[in-house]
Amino acid sequence: MLRGRWIAMLLLCLLVAGVFAWLGQWQLGRAVDTAPQEPGATEQVRPLDDVLQPGEYLAEPLVGQKVETEGHWIPGDFIIVSSRFNDGVQGYWVTGQLRVDDRASIAVAVGWAPDRESADAAAERLDADSDGEVITVSGRIISDEGPVLPTRDDPDRLDRMSTAALLSRWHDVEQLDVYRPYLASTTATAGLVDISSPAPEEGSSVNWLNIFYAVEWAIFAGFAFYLWYRLAKDAWEREVEEFEDAASA
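## Focus on the overall build of the chain
No. 1: The helix and strand tally for the chain stands at 5 helices and 7 strands.
No. 2: Helices and strands appear in the chain in the N-to-C order α-β-α-β-β-β-β-α-β-α-β-α.
No. 3: For the chain, the C-alpha radius of gyration of 29 Å lies well beyond 18 Å, the compact-globule estimate for 249 residues.
No. 4: With respect to the three principal axes, the spread of C-alpha positions in the chain is 100 × 45 × 40 Å.
No. 5: Within the span of the chain, comprising 249 residues, buried residues form 33% of the whole.
No. 6: Counted over contacts in the chain with a minimum sequence separation of 6, partners at least 24 positions apart contribute 69%.
No. 7: A total of about 15,100 Å² of accessible surface is found on the chain, and carbon and sulfur atoms cover 56% of it.

Below you can see the structure in the form of structure tokens.
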């Protein structure tokens, strides 16, 4: 172990273990939220721009945060999203493009309908009333669900509340900045039912998955030293065997 080769190997293992230790410390830093939100913080209505900006991902503590914003509806962009449950009952959402700034929009779930006919009728009423009037919309900001491939029998059907999928069908989108999450409106209009959106459960300030990863990095760091010891011992045992064989001969 005192030979130059094995001392160099030990230094290499120290470097590897140091990297693993740094990764473990980084995981521990992410595992504990040192500044968690106060209980009930998501129920305090905040301006949308104070929570996030267009193109930004929604931080986990802000999922379900109540926000408020002003804007006007874009005519022709009221789209139906299927497979929406309201208090356990399956139905449809009517969604719209709310232009909150000159070139910035957010997808809004306006309300729920129990059947497709009611949803289509509400979308037509909303489209007829879209005269550019500035309105105030409040609700919960929720992460995008991500797009999925449409079915062959109904390629226009949307089953996920995906901003990307809605954006592909919106009008006047050139050079448009879009919010990644969507807004589930608190109060429905056009004869729709209010969307059931209870307050999110209070999360723990400790992320146990990150703690598990930190423990894994510590094990990897210890294994680097064990690997050095095992390789050096195997080399020593091999030399002893060769010496004994030579002595026997």
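That shown, we press on.
## What about a nonpolar patch on the surface?
No. 1: A cluster of nonpolar side chains, contributed by Met 1, Phe 223, Tyr 226, Leu 227, Tyr 229 and Leu 231, occupies part of the molecular surface with about 570 Å² of accessible area.
No. 2: Position of Tyr 226 among the secondary structure elements: in helix 5 (residues 208-248).
No. 3: Overall, the relative accessible area of 42% leaves Tyr 226 in the partly exposed class.

## Quick look at the pairing of strand 2 (residues 66-73)
No. 1: With 2 bridges joining them, strand 1 (residues 46-47) and strand 2 adopt parallel strand pairing. Bridging across to strand 2, Pro 47 finds its partner in Glu 68.
No. 2: Looking at chain direction, strand 2 and strand 6 (residues 135-142) are connected through 6 bridges and run antiparallel. Of the residues in strand 6, the one forming a bridge with Glu 68 is Ser 138.
No. 3: The sheet contact formed by strand 2 and strand 4 (residues 89-101) spans 2 bridges and is antiparallel. Note that in strand 4 the partner of His 72 across the bridge is Arg 99.

## Considerations on a negative patch on the surface
No. 1: Residues Asp 49, Asp 50, Asp 101, Asp 102 and Asp 177 make up a contiguous surface patch of negative charge.
No. 2: Its location among the elements puts Asp 177 in strand 7 (residues 177-185).
No. 3: For Asp 177, a relative accessible area of 45% gives the class partly exposed.

## Let's talk about the pattern of salt bridges
No. 1: Inspection of every chain in the model, using the stated rule, returns 11 salt bridges.
No. 2: For the salt bridge of Asp 120 with Arg 116, the shortest nitrogen-to-oxygen distance reads 3.0 Å. In this pair, Asp 120 and Arg 116 are both assigned in helix 3 (residues 116-128), 4 residues apart and thus about one turn of the helix distant.
No. 3: Linking Glu 237 and Arg 230 is a salt bridge whose minimum nitrogen-to-oxygen distance equals 3.9 Å.
No. 4: Connected through salt bridges with shared partners, the residues Glu 43, Lys 66 and Arg 140 form a single ionic network.

## As for the packing of aromatic side chains
No. 1: Evaluated as defined, the whole model comprises 8 aromatic pairs.
No. 2: Ring centres 6.1 Å apart and planes at 50° place the aromatic pair Phe 212 and Tyr 213 in the tilted group.
No. 3: Arranged with centres 5.6 Å apart and planes meeting at 85°, the rings of Trp 217 and Phe 220 form a pair that is edge-to-face. One end of the pair, Trp 217, and the other, Phe 220, are both in helix 5, 3 residues apart, so they sit about a helical turn from each other.
No. 4: For Phe 220, a relative accessible area of 38% puts it in the partly exposed group.
No. 5: A network of ring pairs unites the aromatic residues Phe 20, Trp 217 and Phe 220 as a single cluster.
No. 6: Between Arg 84 and the ring centre of Trp 93, over which it is positioned, the NZ or CZ distance is 4.9 Å.
No. 7: Directly above the aromatic system of Tyr 57 lies the positively charged group of Arg 180, at a separation of 4.1 Å from the ring centroid.

## Topic: the packing of helix 1 (residues 4-31) against helix 5
No. 1: Look at helix 1 against helix 5: their axes get within 7 Å of each other, and the N-to-C directions meet at 170°. Classed by the angle they form, the pair helix 1 and helix 5 counts as roughly antiparallel.
No. 2: In terms of residue class, the contact of helix 1 with helix 5 is built from 23 nonpolar, 3 polar and 1 charged.

## Some points on unusual backbone geometry
No. 1: Even without glycine at this site, Asp 87 takes up a positive phi of about 55°.
No. 2: Structurally, Asp 87 can be placed in the loop between strand 3 (79-86) and strand 4.
No. 3: With a phi angle near 60°, Ala 190 is a residue other than glycine that sits in the positive phi range.
No. 4: Relative to the helices and strands, Ala 190 is located in the loop between strand 7 and helix 5.

## A word on the environment of Asp 50
No. 1: One can find Asp 50 in helix 2 (residues 48-51).
No. 2: Since its relative accessible area comes to 52%, Asp 50 is described here as exposed.
No. 3: Spatially, the C-alpha atoms of Asp 50 and Phe 225 are 49 Å apart, while their sequence positions differ by 175 residues.

How each quantity is defined
Residues numbered from 1 in each chain as written. Predicted model: local features only at pLDDT ≥ 70, side-chain atom pairs only at ≥ 80, totals over all residues. Heavy atoms only, no water. Helix = DSSP H or I, 4+ residues; strand = E, 2+ residues; numbered from the N terminus. Rg over C-alpha atoms; globule rule 2.2 N^0.38 Å. Buried < 20%, exposed > 50% of the residue type's maximum accessible area, 1.4 Å probe, protein only. Contact = heavy atoms within 4.5 Å. Areas by Shrake-Rupley, 256 points an atom, 1.4 Å probe, with all protein chains shown as cover. Patch = residues over 30% accessible without salt bridge, like charges linked within 9 Å, V, L, I, M, F, W, Y side chains within 5 Å. Salt bridge = Lys/Arg side-chain N within 4 Å of Asp/Glu carboxyl O. Pairing = 2+ DSSP bridges. Lys, Arg positive; Asp, Glu negative; His and termini not counted. Charge placed at Lys NZ, Arg CZ, Asp CG, Glu CD. Phe/Tyr/Trp six-rings, centres within 6.5 Å; stacked < 30°, edge-to-face > 60°. Lys NZ or Arg CZ within 6 Å of the ring centre and 35° of its normal. Axes fitted to C-alpha atoms, helices over the stretch in contact; angles between N-to-C directions. Parallel < 35°, antiparallel > 145°, perpendicular 65-115°, else oblique. Nonpolar A, V, L, I, M, F, W, Y, C, P; charged D, E, K, R; others polar.

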